[in-house]
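Examining the three-dimensional arrangement
Letter by letter, the chains look like this.
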Amino acid sequence: MTEQFDTAALSKKAYDHLWMHFTRMSSYENAPVPTIVRGEGVNIWDANGRKYIDGLAGLFVVQAGHGRKELAEVARKQAEELAFFPVWSYAHPKAIELAERLANYAPGDLNKVFFTTGGGEAVESAWKLAKHYFKLKGMPTKHKVLSRTTAYHGTPQGALSITGLPGLKAPYEPLVPSTFRVPNTNIYRAPAFLADQTPEAFGRWAADQIEVQILNEGPETVAAVFVEPVQNAGGCFPPPPGYFQRVREICDKYDVLMVSDEVICAFGRLGTMFGCEKFGYVPDIITCAKGMTSGYSPIGAMIVSDKLAEPFYKGEEMFLHGYTFGGHPVSSAVALANLDIFDQEGLNKHVLDNEGKFLATLQKLLDLPIVGDVRGNGYFYGIELVKDKASKETFNDDEIERVLYGFLSKALFDNGLYCRADDRGDPVIQLSPPLIADQGTFDEIEQILRAVLTEAWTKL
């Protein structure tokens, strides 16, 4: 029997007591709070019984799809056997097994796994490790971090400092000092002097700006560069050919650590276990979370090269850092079962086999005057919206408020598609469905987007 909900009472309680994340709470003072009560496959249902396509996999998380009873059963069994124990000077079997498995998936000599409970904590851990490592190596002035413009790396104080979105940072400044920005790989918005260059030439320029910034700051002061395989904020920027290989060369030249922030891009989002595998580079650190359990239990990790871990495996040294729930037994068990599903059902191959079809389906929307660009990789795409396709003129602040937030976000949901309409950078719609999505799902997404975007154009 389907459970019946008192939707009005739920909504009032939500407004009165549930402080929702990244949410204008005033929006719900006189409007119902959308309340999701069930998921199955690529779909979710609200408290009124209405069905939606989950076009964002929750929040780039639900790789294997909703309603996987086998994952819930694994969580139950593990909680009965050992619900909790920390990995502070002790271990438990599931954390050991998961660490080994992640190390086997990771490229190169990334063999050490430090567990967290989420992605922001993994990024925070990576910066702390970079600073500590260089102090142990006799280079205490190497503490600065470079990251890309409009990139999002998390909300903890250090991760937020690395984030390249001024609007998210301003309310919490002063933040941790010593972070600097370099260009991202948004070729659609390439500088005018690069407008006629090949993607390879644009990528070389963007990578070379990292070297310029390292030299500007002084190589003896720069510890790490944080990059995402496909940058999330701004709308899914894939790397131009050769970009990451050049970044790797620059990092090696100046003894700077390359951190691949794969909180979104790992675990099949791009059709590989790690995004760096998709683009052929080996970082010094991988940060990951989200899809490791398909969201059935929270976990994150920092995966570290043997070279970086080596000083901490000697004498009295230790990494003075940790999280109570890092490597949680239930989360570790669920992660292992989720990765089993990847193997048994061939989720990565499914993404690789279908990513071109997904992109081609979304590219049909380029015939709409409001759609300027469709970009991304794997099952991770952004649709940039414009006022004028020829000039690439973007929305002004009033249009962002009226069209993106005042109309698009609600209209897409009302038409049966949960996704993200975002203006971190230029206005975009982001799509990241569960990895089990197929052509039928792609077609439904395109049809909903076409109807809503056609109406949005009349409101500009």
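Being a predicted model, the structure only gives us computed values, none of them experimental.

A look at the overall build of the protein chain
Scanning the protein chain from N- to C-terminus turns up 15 helices and 15 strands. Along the three orthogonal principal directions, the C-alpha set of the protein chain runs to about 65 × 60 × 45 Å. Here the protein chain holds 460 residues, and the buried ones make up 55% of them. Within the protein chain, contacts between residues separated by at least 24 positions form 72% of all contacts whose residues are at least 6 apart in sequence.

Let's talk about the nonpolar core
Of all hydrophobic cores here, the largest spans 94 residues; its most connected members are L102, F267, F274, I383, L385, L408 and L449. The next biggest cluster of nonpolar side chains, apart from the first, holds 22 residues, and it includes A130, F134, V145 and A224.

Examining unusual backbone geometry
A negative phi angle characterises most non-glycine residues, just as the trans form characterises most peptide bonds. Cis geometry marks the peptide bond from E173 to P174; its omega dihedral reads 5°. Turning to its location among the elements, P174 is positioned in the loop between α7 (166-169) and β6 (179-182). Even without a glycine there, the phi angle at S178 is positive, about 85°. One can find S178 in the loop between α7 and β6. For K290, which is not glycine, the phi torsion reads 20° and is therefore positive. Along the polypeptide, K290 turns up in the loop between β9 (285-288) and β10 (300-305). Its relative accessible area of 22% is what places K290 among the partly exposed residues.

Some words on the pattern of salt bridges
Inspection of every chain in the model, using the stated rule, returns 31 salt bridges. Among the ionic pairs, D16 bridges to K12, the shortest N-O distance being 2.6 Å. A residue pair is termed a helical-turn pair when its members lie 3 or 4 positions apart in one helix, as D16 and K12 do in helix α1 (residues 7-17) at 4 residues. Here K12 falls in the exposed class, since its relative accessible area comes to 53%. A salt bridge links K349 to D353, with the shortest nitrogen-to-oxygen separation between them at 2.7 Å. In this pair, K349 and D353 are both assigned in helix α13 (residues 347-363), 4 residues apart and thus about one turn of the helix distant. D353 gets classed as partly exposed once you look at its relative accessible area, which sits at 42%.

Points about the sheet that holds strand β2 (residues 43-46)
Pairing within the open sheet is mixed, and its 4 strands lie in the order β1-β2-β3-β13. Edge positions in the open sheet fall to β1 (36-40) and β13 (417-418), since each of these has one partner strand only. The pairing of β1 with β2 spans 4 bridges and is antiparallel. Following the sheet pairing, R38 is matched in β2 by W45.

Looking at helix α3 (residues 69-81)
Every α-helix carries 3.6 residues per turn, so stepping three or four residues along brings you back to the same face. The first and last C-alpha atoms of α3 sit 19 Å apart over 13 residues, in line with the 18 Å expected at 1.5 Å per residue. Buried within α3 we find L71, A75 and Q78. The arc that holds the buried residues of α3, viewed along the axis, is 70°, so those residues lie on one side. Facing away from the buried side of α3, by more than 90 degrees, are the exposed residues K69, E80 and E81.

Quick word on the pairing of strand β3 (residues 51-54)
Sheet analysis places β2 next to β3, joined by 3 bridges and oriented antiparallel. Its bridge partner being in β3, W45 is matched across the sheet by K51. Hairpin connection of β2 to β3: 4 residues between the antiparallel strands, including G49 at a positive phi of 85°. Sheet topology note: the β3/β13 ladder contains 2 bridges and is parallel. Following the sheet pairing, I53 is matched in β13 by L417.

Brief notes about helix α15 (residues 439-457)
In a regular helix each residue adds 1.5 Å, so 19 residues correspond to 27 Å; α15 covers 26 Å between its end C-alpha atoms and thus fits that length. Here α15 has its buried residues at T441, F442, I445, E446, I448, L449, V452, L453 and A456.

Quick look at the pairing of strand β11 (residues 371-377)
Buried residues dominate β11, accounting for 7 of its 7 residues. Count of turn residues in the β11/strand β12 (residues 380-385) antiparallel hairpin: 2 residues, of which G378 carries a positive phi of about 60°.

Things to note about the side chain of R269
With respect to the helices and strands, the residue R269 is situated in the loop between β8 (257-261) and α10 (275-279). D54 is the oppositely charged side chain nearest to the buried, salt-bridge-free R269, at an N-O distance of 8.3 Å. R269 has contacts with A57, F60, Q63, I264, V351, N377, G378, Y379, F380, S432, P433 and L435, leaving out every residue within four places of it along the chain.

Here we look at the state of the cysteines
Following the criterion strictly, the structure yields 0 disulfides and no others. For C236, which is in no disulfide, the shortest distance to another cysteine sulfur is to C265 and amounts to 8.4 Å. Of the cysteine sulfurs around C251, a residue in no disulfide, the closest is that of C276, at 13 Å. Judged by its relative accessible area of 1%, C251 is buried.

Some remarks on the packing of aromatic side chains
Taken as a whole and assessed by the stated rule, the structure comprises 17 aromatic pairs. Their ring planes at 65° and their centres at 5.9 Å tell us that F312 and F319 sit as a pair that is edge-to-face. Residue classification places F312 among the buried residues on the basis of a relative accessible area of 12%. Cluster of aromatic residues (ring-pair linked, three or more members): Y243, F244, F279 and Y281. Lying across the ring of Y188, K392 places its NZ or CZ 4.4 Å from the centre.

Quick notes on the rules
- All chains use their own residue numbering, which begins from 1 and follows the written sequence.
- The model is predicted, so local features are restricted to residues of pLDDT at least 70 and side-chain atom pairs to those at 80 or more, both for listing and for counting; the totals for chains, interfaces and linings are taken over all residues.
- With hydrogens and water excluded, all non-hydrogen atoms of the structure serve as input to the side-chain values.
- Counting from the N terminus, the helices are DSSP H or I runs at least four residues long and the strands are E runs at least two residues long.
- Type-normalised accessible area, obtained with a 1.4 Å probe on protein chains alone, sets the label of each residue: buried when under 20%, exposed when over 50%, and partly exposed for intermediate values.
- The criterion used for residue contact is that any of the two residues' heavy atoms lie within 4.5 Å.
- Side-chain atoms within 4.5 Å link the members of a nonpolar core, which is a set of buried Ala, Val, Leu, Ile, Met, Phe, Trp, Tyr and Cys residues.
- Here, a salt bridge means any side-chain nitrogen of Lys or Arg that lies within 4 Å of a carboxyl oxygen of Asp or Glu.
- Should DSSP find at least two bridges between two strands, the strands are taken to pair.
- Expected helix span is given by 1.5 Å per residue-to-residue step, counting one fewer step than there are residues.
- Here the arc refers to the directions that run from the helix axis out to each C-beta atom.
- Within this scheme the basic residues Lys and Arg register as positive and the acidic residues Asp and Glu register as negative, but His and the chain ends are omitted.
- For this text, the term disulfide refers to a pair of cysteine sulfurs within 2.5 Å.
- Any two of the Phe, Tyr and Trp rings considered here, Trp counted by its six-membered ring, make a pair once their centres fall within 6.5 Å; the pair's planes then place it as stacked at under 30 degrees, edge-to-face at over 60, or tilted in between.
- Two thresholds decide whether a charge sits over a ring: the Lys NZ or Arg CZ must be within 6 Å of the ring centre and within 35 degrees of the ring normal.

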